[in-house]
Amino acid sequence: MGLGTNGGAGVGNSAIGADGSPQTEGEEPDGPRRAKAGKHRSFWKELPILIVVALVLALLIKTFLVQAFSIPSESMENTLQVGDRVLVDKLTPWFGAEPARGEVVVFQDPANWLAGEPTSEPNVVQRVLSFVGVMPSANEHDLIKRVIGVGGDTVECKGTGPLKVNGKALVEPYVNPSGTPCSVDTEGGQFKVTVPKGKMWVMGDNRQHSADSRYHQSDKTHGFVPVDDAVGRAFVVAWPVSRWATLPVPDTFDQSGINTAAALAPGALSLMGAVPAVLVRRRRTGGRRG
């Protein structure tokens, strides 16, 4: 009965300590105390911080690692379709890597190649998301083509093909089957050029529908794209999912003799070997004459 009348007061005024002794109100317990639970931020308060962190990470990734680009035209069909999203490797150029034959590269417009082309005007939100890398690039001054020749290469087209690099005919399964490797016209489809150092010669896989290096030979860059204008190599089709595919370098660019340095090496070695032989012969001849 006492519990019913003053039990509540007794619990509030005294307690049993860790050693079994009674403890009055206000005294600290001798044993370990349980930590008070910390206050958790509301999800809605943390959400803006999470968004900012995500955008900063996306910006860093887009600037230094990988960037998404949208395919605007049919110049690379059937390898790339209009509306495909490709991922571009921007990391390796930071370590001095340069575009190689056979790679599909994104590059900045070298000499107003896009003049007269219809362009879309993205809104403010699209520009911001494109800037941080969440959406594909909204920069209308970027193009995508396949590298055919690099510095020192001689690239040639006669008739409908095949296309030749350093005298080697290329087998090009990536070329749109509705067309031919070379275009028979007087506007640039028939050519023979030597690529200067630090430049590259690019062509679309849809040869009859690609305003590439061939058709800009009268520009200030003569159709050659500066290596410094390369944004990076496209290495995968990421969207739509049904079109997912990697973009490897075709085997045709690995054939023997296509590398000009390798092709010149035997001749250079022969010349180096011939010089000592001539000097020895002259010495022997001189000795006999003396």
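Residues numbered from 1 in each chain as written. Predicted model: local features only at pLDDT ≥ 70, side-chain atom pairs only at ≥ 80, totals over all residues. Heavy atoms only, no water.

### Focus on the nonpolar core
Put simply, the rule is: Residues grouped as a nonpolar core are buried Ala, Val, Leu, Ile, Met, Phe, Trp, Tyr and Cys residues, joined through side-chain atoms within 4.5 Å. Categorising residues by exposure relies on relative accessible area from a 1.4 Å probe, with only protein chains included: less than 20% of the type maximum marks a residue as buried, more than 50% marks it as exposed, and the intermediate range marks it as partly exposed. Where helices and strands are cited, they refer to DSSP runs of H or I of at least four residues and of E of at least two residues respectively, numbered from the N terminus.
Grouped together as the largest cluster of nonpolar side chains are 17 residues, with contacts concentrated most on Ile148, Val155, Leu163, Leu170, Phe191 and Trp201. Elements supplying a minimum of two residues to this core: β7 (154-157), β10 (191-194) and β11 (199-203). With 13 residues, the next largest nonpolar core counts Phe69, Val86, Ala234 and Val237 among its residues.

### A look at the state of the cysteines
Where we set the bar: Any pair of cysteine sulfurs within 2.5 Å is marked as a disulfide.
Counted under the stated rule, the structure contains 1 disulfide. Cys157 shares a disulfide with Cys182; S-S distance 1.9 Å. With the S-S dihedral at roughly -80°, the linkage between Cys157 and Cys182 falls on the left-handed side. Placement of the pair is Cys157 in strand β7 and Cys182 in the loop between β9 (168-169) and β10, with a sequence separation of 25 residues. Across this residue pair, the class does not change: Cys157 and Cys182 are buried.

### Brief notes about the pattern of salt bridges
Keep this limit in mind: Within this document, salt bridges are pairs made up of a side-chain nitrogen of Lys or Arg and a carboxyl oxygen of Asp or Glu, the two lying within 4 Å of each other.
Scanning the entire structure with this criterion turns up 7 salt bridges. Arg146 is the partner of Asp205 in a salt bridge, and the nearest nitrogen-oxygen pair spans 2.8 Å. With a gap of 59 residues between them, Asp205 in the loop between β11 and β12 (225-226) and Arg146 in strand β6 (residues 142-150) connect regions that are remote in the sequence. With a relative accessible area of 0%, Asp205 lands in the buried category.

### Brief notes about the sheet that holds β10
Applied cut-off: A pair of strands is considered paired only if DSSP assigns at least 2 bridges between the two.
Read from one edge of the open sheet, 4 strands run β9-β8-β7-β10, paired in antiparallel fashion. Lying at the two open borders of the sheet, with one neighbouring strand each, are β9 and β10.

### Quick word on the confidence of the model for the protein chain
Note the following rule: Confidence scores per residue from the predictor, reported as pLDDT, run from 0 to 100. Contacts are assigned to residue pairs with any non-hydrogen atoms lying within 4.5 Å of each other.
Summary statistics for the protein chain give a mean pLDDT of 77 and a share of 63% for residues scoring 70 or more. This model gives residues 1-14 a pLDDT under 50, and the stretch forms 6 contacts once residues within four places in sequence are excluded. Scored below 50 in pLDDT, residues 261-290 makes 1 contact in the model with residues more than four places away or belonging to other chains.

### Concerning the environment of Trp94
By the secondary structure assignment, Trp94 is in the loop between β4 (85-89) and β5 (104-108). Owing to a relative accessible area of 55%, Trp94 belongs among the exposed residues under this scheme. When the C-alpha positions of Trp94 and Gly232 are compared, they lie 9.9 Å apart, and in sequence the two are 138 residues distant.

### Let's talk about a nonpolar patch on the surface
Stated formally: The patches described consist of residues with a relative accessible area above 30% and no salt bridge, like charges being joined within 9 Å and nonpolar side chains (Val, Leu, Ile, Met, Phe, Trp, Tyr) within 5 Å. What sets the accessible areas is the Shrake-Rupley method with a 1.4 Å probe; for residues, cover comes only from the shown protein chains.
Taken together, Leu65, Leu91, Trp94 and Phe95 make up a surface patch of nonpolar side chains, about 460 Å² in accessible area. Within the secondary structure, Leu65 sits in the loop between α2 (43-64) and β3 (66-70). Relative accessible area serves as the criterion here: at 36%, Leu65 is assigned to the partly exposed category.

### Considerations on the packing of aromatic side chains
To be explicit about the condition: Note on ring pairs: Phe, Tyr and Trp rings are taken, using the six-membered ring of Trp, and paired if centres are within 6.5 Å. Classes follow the plane angle, with under 30 degrees stacked, over 60 edge-to-face and the rest tilted.
The final tally for this structure, using the stated rule, is 4 aromatic pairs. Here Phe107 and Trp113 contribute two aromatic rings whose centre-to-centre distance is 5.9 Å and whose plane-to-plane angle is 80°, an arrangement assigned as edge-to-face. Each member of the pair, Phe107 together with Trp113, is buried. Relative to Trp201, the ring of Phe191 lies with its centre 5.0 Å away and its plane at 40°, an arrangement referred to as tilted.

### So, unusual backbone geometry
Outside of glycine, negative phi angles account for most residues, and trans bonds account for most peptide bonds. Between Gly161 and the following residue, Pro162, the backbone shows a cis peptide bond with an omega angle of 10°. For Pro162, the location among the structural elements is in the loop between β7 and β8 (164-165). Cis peptide bonds are those with omega within 30 degrees of zero, and the linkage from Trp239 to Pro240 qualifies with 0°. Among the structural elements, Pro240 can be located in the loop between β13 (230-239) and β14 (245-246). Its identity is not glycine, yet Asn166 carries a phi of approximately 55°, on the positive side.

### Side note on the environment of Asp228
Positionally, Asp228 belongs in the loop between β12 and β13. A relative accessible area of 75% means that Asp228 is categorised as exposed. With 120 residues separating them along the chain, Asp228 and Gln108 place their C-alpha atoms 9.1 Å apart.

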